[in-house]
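Analysis of the macromolecular model
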Amino acid sequence: MEIQEKSQEDTQAAIVKKNVFSGIQPTGIPTLGNYLGAMRNWPLLQEEYHCIYSVVDLHSLTVRQEPAALRKQTLSLVALLLACGIDPEKSLLFIQSHVSAHAELAWLLNCYTQFGELARMTQFKDKSAKHPDNINAGLFCYPVLMAADILLYQTDLVPVGADQKQHMELARDVAGRFNGIYGEVFRIPEPYIPKEGARVMSLQEPAKKMSKSDENPNAYILLLDDADTILRKFRRAVTDSEAEVVYREGKDGINNLITIYSIVTGKTVPEVEHEFAGKGYGDFKSAVGEAVAEALRPVRETYADLLKNKDYLAEVYTKGAEKARAIAGRTYGKACKKLGLVLPPRP
Ligand code: AQP
């Protein structure tokens, strides 16, 4: 009797478990920004939700990539996500291009997205300014592919950094528009933006977000930087001339360092201010560097072990893609049917 009740409870829990989807581009080694804003939070959701995580390689093609580097970065990112704590027994982890429904649904959704909506996207404007010689259609349609990624899995929550809020709104609008015409095909997803770390800023230009594709390597901390490099980059971080470790408007550099230190040590902002009251920026920057190096050490060590086992990595992303294909195929098939596309006979 007890067993029966327990199994009913389990079934109910399985039914109400919400779906989570998120992705990260293999455009380089992830930064501390990617880690605090996204990757670190993904494993924390595995117990409570059905989590699906993807290395979104198709997105990275919107900016020119060197083929050998892209291949290496993609595998490296699979290993890094596992090193951050994603458990393939609990979450699906796969490479986006292995599930063709992503590109296919993106095409369908392109036809339900307006030119004006995409032209307003801040990331498109920023990246067009950064790569004026390659303002390609893929860069323009990036948010539609992102909408397809999310909508294919009937996603409830999307854990992302604050920079993706605008793209999330578009995904919701496109899904709502499609559903409005054809009935309930897609679940409307919500962004899941962390309270802290949602926007880690550049160490050199603290008004700008930290990005892995920044031309200045001192602007970012990479997850695979060694402890000396991390310390050196924090010591060079741009601050201000006040020499006061307090979180206050106008102190972008110091605010960023306080936020980072507070997340990696678990201390509150007032505790951090108190700890460094009367101390100079030099001491503070060194403490932030040491705390970050220590927080990233286990990730680096586990990553190095995982990378030695390429067969295991292949097994993880192959199984992940098989399962993802089954879920994505159902949503894609439903969308095609609603649109009036003739479905091929089942094999
Ligand atoms: N600075 C940041 N602070 C907090 N979160 C961030 N994210 C990115 N930068 C920060 C979050 O990381 C996740 C994966 O991002 P992505 O690699 O898919 O794309 P991105 O947002 O364009 O990241 P980058 O580092 O700036 O890449 P590049 O330089 O290639 O464009 C997302 O959830 C993002 O919000």
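Refer to the structure above for everything that follows.
The shown structure was predicted, so the numbers you read here are calculated from the model rather than taken from an experiment.

Digging into the pattern of salt bridges
On inspection of all chains with the given rule, the structure shows 18 salt bridges. The salt bridge involving Lys251 is made with Glu242; its shortest N-O contact spans 2.8 Å. With a closest N to O distance of 3.4 Å, Glu301 and Arg297 form a salt bridge. Here Glu301 and its partner Arg297 are both found in helix H13 (residues 281-307), 4 residues apart, which amounts to about one turn of the helix. With a relative accessible area of 34%, Arg297 lands in the partly exposed category.

Examining the side chain of Asp225
The residue Asp225 is located in the loop between strand E5 (190-192) and helix H10 (227-235) in this model. With relative accessibility at 11%, the residue Asp225 sits in the buried group. Of note is the side chain of Asp225, whose polar atom sits 2.9 Å from the backbone nitrogen of Leu222. A distance of 2.8 Å separates a polar atom in the side chain of Asp225 from a polar atom in the side chain of Lys233. Setting aside residues up to four positions removed in sequence, Asp225 forms contacts with Tyr220, Ile230, Lys233 and Arg300.

Conventions used here
- Residues numbered from 1 in each chain as written.
- Predicted model: local features only at pLDDT ≥ 70, side-chain atom pairs only at ≥ 80, totals over all residues.
- Heavy atoms only, no water.
- Salt bridge = Lys/Arg side-chain N within 4 Å of Asp/Glu carboxyl O.
- Helix = DSSP H or I, 4+ residues; strand = E, 2+ residues; numbered from the N terminus.
- Buried < 20%, exposed > 50% of the residue type's maximum accessible area, 1.4 Å probe, protein only.
- Polar contact = N/O pair within 3.5 Å; in protein donor to acceptor, adjacent residues only side chain to side chain.
- Contact = heavy atoms within 4.5 Å.

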